[in-house]
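Listed here are the chains, written in short residue letters.
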Amino acid sequence: MDFHFTDEQKAIQSLCREFARDEVKPRAEEMDASAAFPYDLVKKMAALGLMGLPFPEEYGGSGADTVSYALAVMEIARADASTAITLAAHVSLGSMPFYLFGTEAQKQKYLVPLARGEMLWGFGLTEPQAGSDAGGTRTRAELRDGRWTVNGTKAFITNSGTDITGGTTITAITGHDERGRPEISNLAVEQATPGFTRAKTYRKMGWRASDTRELSFADAEVPEDALLGRRGDGLKQFLQILDGGRISVAALSVGLAMGAFDESLAYAQARHQFGKPISKFQAIQFKLADMLCQIEHAKLMVLKAAWEKDRGEDFVMSASLAKLFSGEMSHRVVNEAVQIHGGYGFMDEYPVSRMYRDQKINEIGEGTNEIQRLVICRLMGL
Amino acid sequence: MKIVVTVKLVPDTNADKRIDPASKRLVRTGVETVLNPFDEYAIEAALQLKDKAGEGTTVTVVTMAPESGKEVVRKALAMGCDDAVLLSDDGLAGSDVWGTAYALAAAIKKSGFDLVVCGTQSTDAITGELPGALAEFLGVPGLTYVRKVELNGTTLAAERETDNGYLKVSCPLPALISVTKSIGEARYPSLKGIMGAKKKTIAPLTLADLALDAPVGSVGAKTEVLALAQPPAREKGKVVHVADGAEGARAIVDFLKEKKLI
Ligand SMILES: Cc1cc2nc3c(=O)[nH]c(=O)nc-3n(C[C@H](O)[C@H](O)[C@H](O)COP(=O)(O)OP(=O)(O)OC[C@H]3O[C@@H](n4cnc5c(N)ncnc54)[C@H](O)[C@@H]3O)c2cc1C
Ligand SMILES: Cc1cc2nc3c(=O)[nH]c(=O)nc-3n(C[C@H](O)[C@H](O)[C@H](O)COP(=O)(O)OP(=O)(O)OC[C@H]3O[C@@H](n4cnc5c(N)ncnc54)[C@H](O)[C@@H]3O)c2cc1C
């Protein structure tokens, strides 16, 4: 057992910490208020190599490991959750399917510009009628004369409609087996496809500067080679993507909680009541101790899952445990952070009010708390 | 073209600094070591020159520091410098500006150079004297407080900051400059740079490799720190009570005049 980071992991962590502090944090309040997608920050993250962090250099990536990735997401989320989810969804959801399941040609065409951060890509699993029950997909794709015709709707798709989005990979029913069960496959649908439209971004409670849209497919035709991975493996492939995605959402929760803790510690020392800083009241001190304790707990869980993944071990249970615990932990921590801030914590100009809103989705996206418990129970063999 | 950047490793600028009363040296244990922030501008200046010159120009980092400083040197390599020289020897401990410059000059001569780029000052001892001393030992022109630099063949053109403007100067290469913040924000290391840094060489150098003629370290020091004292605590601000804005403005103007600020 060794709790030391490697030199590279430390260097990536400190780079992201500096970048988040100097470039992201000063923008967070304005981005939240305007709900404007941060193109400039994406460009800067691309220049640093963050947008392709875990992918090999030959595909335009930086070739770093999952532990570094988790540390990077934590540091960015510490400053701003919208920027962090833009990065995390880009790497874990948008780009990863091409890396894991793409043909060499698909990797060259899509993964390379994605890893360089020149393009974004959506991951289209959820539908209005198929959320937790992701297998309940209704979107259909029919293969005729060497072309797929897609019909259906996807809901809540991150990074799907920015000016630099190249397309979205979706799950769609591509047939039925002999027992009549749907065969689900993945198709990479490019933005310019006729019949493929994106609605305006949702108006959201949190992650306001991230791009989330509803997608419609009305006789949208894509070439046969838009198929990603094996026909019929679509749901299995996407669930595999979500296993890894849990590490990044968990890291995002930890980072957000770290940010709320930073704010609370500073505020508690600056705010005076009854003639002394409120940090001198044991009630406040204990809150801070509990917050730090829970953050450390979640962080260790996330890093363990990432470490297992880097070693090529089975990390599915660890990632689920980390995602569930970190999501709920961040809820408790942001709640106490606002409490420590008193009435000021309810005001938009204090970052903790934004963090409080940004937190909730951590318990919903990429598998709700309930679904996470289901996954854990299934892994226990129950 | 070979550019050498001198960097100092200093205790984290945000950490509380303590001086050991017995040795009168800075306590460096338990404090994180970082690149002297002023030297990040020196690295930036060198990399800008390299970016402009293109192929065939290299940037070598030279530092005199304990061996544990390797990891910090990697940051400079991650930013884009090509290789590094780490001059480390117990015999160097306690060197003053004279000894540091003397030993560094020998190390730089050994590695070869066309241009040496220094920061203007460190954030720990802050003498700001090293660049001048180093130019002297290297026997090359030394242009300090440079805010803009250009290379044209074997000539260097620079703008040197002064209290009330700047001087345009030029000199032949080889030469030494120290650069100010105005050179431009230091770049972040990229992930590629970070991943590539471990493959770059940090060449170790000891006193034995330099074969110096004069003693360095505390034995060779020309200066002796006699006493150290805390700077006096800042005095309380002056509070003036006035009847209205006009009187307030006058009070402020009088105060500024008294301080000869206007
Ligand atoms: C901002 C944002 C970004 C998103 N980005 C993406 C994206 O990029 N790609 C993508 O595909 N999706 C994305 N999603 C969708 C997200 O993954 C889903 O919202 C989530 O999986 C839950 O699905 P649902 O909203 O339909 O809720 P439902 O499935 O309708 O769940 C409603 C409630 O019922 C509970 N529940 C459901 N089934 C069970 C059960 N069997 N047992 C116990 N409880 C149950 C749930 O836990 C929840 O509490 C995003 C969502 C948001 C809000
Ligand atoms: C509290 C304190 C007081 C001191 N007082 C004195 C004193 O009065 N007289 C004296 O002679 N010495 C003194 N020293 C010793 C002095 O710190 C060292 O000699 C030091 O290496 C050079 O001085 P500087 O840090 O002031 O560098 P500066 O001249 O402030 O630094 C300018 C530039 O020189 C380069 N540089 C400096 N040090 C190194 C290095 N080790 N390796 C590579 N490049 C370097 C960097 O580019 C830096 O930006 C003192 C040290 C301490 C800790």
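Quick caveat, the model's predicted, so the values are computed rather than measured.

Digging into the overall build of chain B
Stage number 1. Per the secondary structure count, chain B includes 8 helices and 13 strands.
Stage number 2. Taken along the three principal axes of its C-alpha coordinates, chain B extends 70 × 50 × 40 Å.
Stage number 3. Within chain B, the fraction of its 262 residues that count as buried is 34%.
Stage number 4. A fraction of 70% describes how many contacts in chain B between residues 6 or more apart in sequence connect residues 24 or more apart.

Looking at the pairing of strand E5 (residues 182-190) of chain A
Residues and elements named next belong to chain A.
Stage number 1. With 9 bridges joining them, strand E4 (residues 165-176) and E5 adopt antiparallel strand pairing. For Thr-168, the partnering residue across the bridge sits in E5 and is Val-189.
Stage number 2. In textbook terms, the turn of a hairpin is the stretch between consecutive antiparallel strands, and for E4 and E5 this stretch comprises 5 residues, one of which, Gly-180, has a positive phi near 85 degrees.
Stage number 3. By the bridge criterion, 2 bridges tie E5 to strand E8 (residues 227-228) in an arrangement that is antiparallel.

Regarding the environment of B:Gly217
All names here are of chain B.
Stage number 1. Within the fold, Gly-217 resides in helix H7 (residues 217-220).
Stage number 2. A residue is classified by how many C-beta atoms lie within 10 Å of it, and Gly-217, with 17 of them, is partly exposed.
Stage number 3. Note: C-alpha distance between Gly-217 and Asp-96 (121 residues apart in sequence) is 7.4 Å.
Stage number 4. Those residues in contact with Gly-217, other than ones at most four positions away along the chain, are Gly-91, Leu-92, Ala-93, Gly-94, Ser-95 and Gly-99.

Section: the interface of chain B and chain A
Stage number 1. Contacts between chain B and chain A engage 12 residues on the former and 15 residues on the latter.
Stage number 2. Counting residues per element, the ones that place at least two in the side of chain B that touches chain A are helix H2 (70-79) and helix H5 (191-197) of chain B.
Stage number 3. Looking at the side of chain B that touches chain A, its residues break down into 6 nonpolar, 1 polar and 5 charged.

As for the site of ligand 2
Residue and element names in this part refer to chain B.
Stage number 1. Around ligand 2, the structure places 32 residues, and the nearest of them are Asp-96, Gly-119, Ala-125, Thr-127 and Leu-130.
Stage number 2. For the shell around ligand 2, the element with the most residues is helix H3 (residues 97-111), which contributes 4 residues.
Stage number 3. Partitioned by chemical class, the residues of the shell around ligand 2 number 15 nonpolar, 11 polar and 6 charged.

A look at the packing of helix H8 (residues 316-341) of chain A against helix H10 (residues 369-380) of chain A
Helix packing geometry: the angle between the two helix axes and the distance between the axes.
All names here are of chain A.
Stage number 1. Across the interface, H8 lies against H10 with an axial gap of 10 Å and an inter-helix angle of 150 degrees. Classed by the angle they form, the pair H8 and H10 counts as roughly antiparallel. With respect to the hand of their crossing, H8 and H10 are arranged in left-handed fashion. Contact residues: Val-316, Met-317, Ser-320, Leu-321, Lys-323, Leu-324, Gly-327 and Glu-328 in H8; Asn-369, Gln-372, Arg-373, Val-375, Ile-376 and Leu-379 in H10.
Stage number 2. Partitioning the contact of H8 with H10 into residue classes produces 7 nonpolar, 4 polar and 3 charged.

Quick look at the site of ligand 1
All names here are of chain A.
Stage number 1. Around ligand 1, 21 residues are found, and the nearest of them are Leu-125, Gly-131, Ser-132, Thr-368 and Glu-370.
Stage number 2. Secondary-structure elements contributing two or more residues to the shell around ligand 1 are helix H4 (81-101), strand E1 (120-124), strand E3 (147-158) and H10.
Stage number 3. Across the shell around ligand 1, the residue classes break down as 11 nonpolar, 8 polar and 2 charged.
Stage number 4. Each of domain 2 (121-235) and domain 3 (236-380) accounts for three or more of the residues forming the shell around ligand 1.

Looking at the nonpolar core
Stage number 1. By size, the foremost hydrophobic cluster in this structure holds 179 residues, and its most contacted members are A:Ala70, A:Val73, A:Leu187, A:Val302, B:Val5, B:Val117 and B:Leu134.
Stage number 2. Broken down by element, this core gets its largest block of residues, 16 residues, from helix H6 (residues 234-270) of chain A.
Stage number 3. Once you skip the residues sitting within four places of it in the chain, B:Leu134 turns out to touch B:Ala101, B:Leu104, B:Ala105, B:Val116, B:Cys118 and B:Leu176.

Some thoughts on unusual backbone geometry
Stage number 1. Residue B:Pro174 is bonded to the preceding B:Leu173 through a cis peptide linkage, with omega at -5 degrees.
Stage number 2. Following the sequence through the fold, B:Pro174 ends up in the loop between strand E11 (165-172) and strand E12 (175-179).
Stage number 3. A positive phi is found at A:Asn159, a non-glycine position, where the angle reads about 60 degrees.
Stage number 4. Mapped onto the elements, A:Asn159 comes out in the loop between E3 and E4.
Stage number 5. Classification of A:Asn159 as buried rests on a count of 26 C-beta atoms within 10 Å.
Stage number 6. In the Ramachandran plot, A:Phe274 falls in the positive-phi region, its phi being about 50 degrees despite a non-glycine side chain.
Stage number 7. Assignment of secondary structure puts A:Phe274 in the loop between strand E9 (272-273) and strand E10 (276-277).

Let's talk about the domain arrangement of chain A
Residue and element names in this part refer to chain A.
Stage number 1. As far as domains go, chain A holds domain 1 (7-118), domain 2 (121-235) and domain 3 (236-380).
Stage number 2. Just the C-alpha atoms count here: the centres of domain 1 and domain 2 sit 23 Å apart.
Stage number 3. On the domain 2 side, the residues contacting the 21 residues of domain 1 number 18 residues.
Stage number 4. Taken together, the elements giving at least two residues each to the side of domain 1 that touches domain 2 come down to helix H1 (7-34), H4 and helix H5 (104-115).
Stage number 5. Broken down by element, the side of domain 1 that touches domain 2 gets its largest block of residues, 11 residues, from H4.
Stage number 6. When the residues that make up the side of domain 1 that touches domain 2 are grouped by side-chain class, the tally is 13 nonpolar, 7 polar and 1 charged.

The rules behind the values
- Residues numbered from 1 in each chain as written.
- Chains lettered and ligands numbered in written order.
- Predicted model: local features only at pLDDT ≥ 70, side-chain atom pairs only at ≥ 80, totals over all residues.
- Helix = DSSP H or I, 4+ residues; strand = E, 2+ residues; numbered from the N terminus.
- Buried ≥ 20, exposed ≤ 12 C-beta atoms within 10 Å, placed from the backbone.
- Contact = placed C-beta atoms within 7 Å.
- Pairing = 2+ DSSP bridges.
- Nonpolar A, V, L, I, M, F, W, Y, C, P; charged D, E, K, R; others polar.
- Near = placed C-beta within 6 Å.
- Axes fitted to C-alpha atoms, helices over the stretch in contact; angles between N-to-C directions.
- Parallel < 35°, antiparallel > 145°, perpendicular 65-115°, else oblique.
- Left-handed = near helix turned anticlockwise from the far one by under 90°.
- Domains from an automatic or database assignment.
- Core = buried A, V, L, I, M, F, W, Y, C linked by C-beta atoms within 7 Å.

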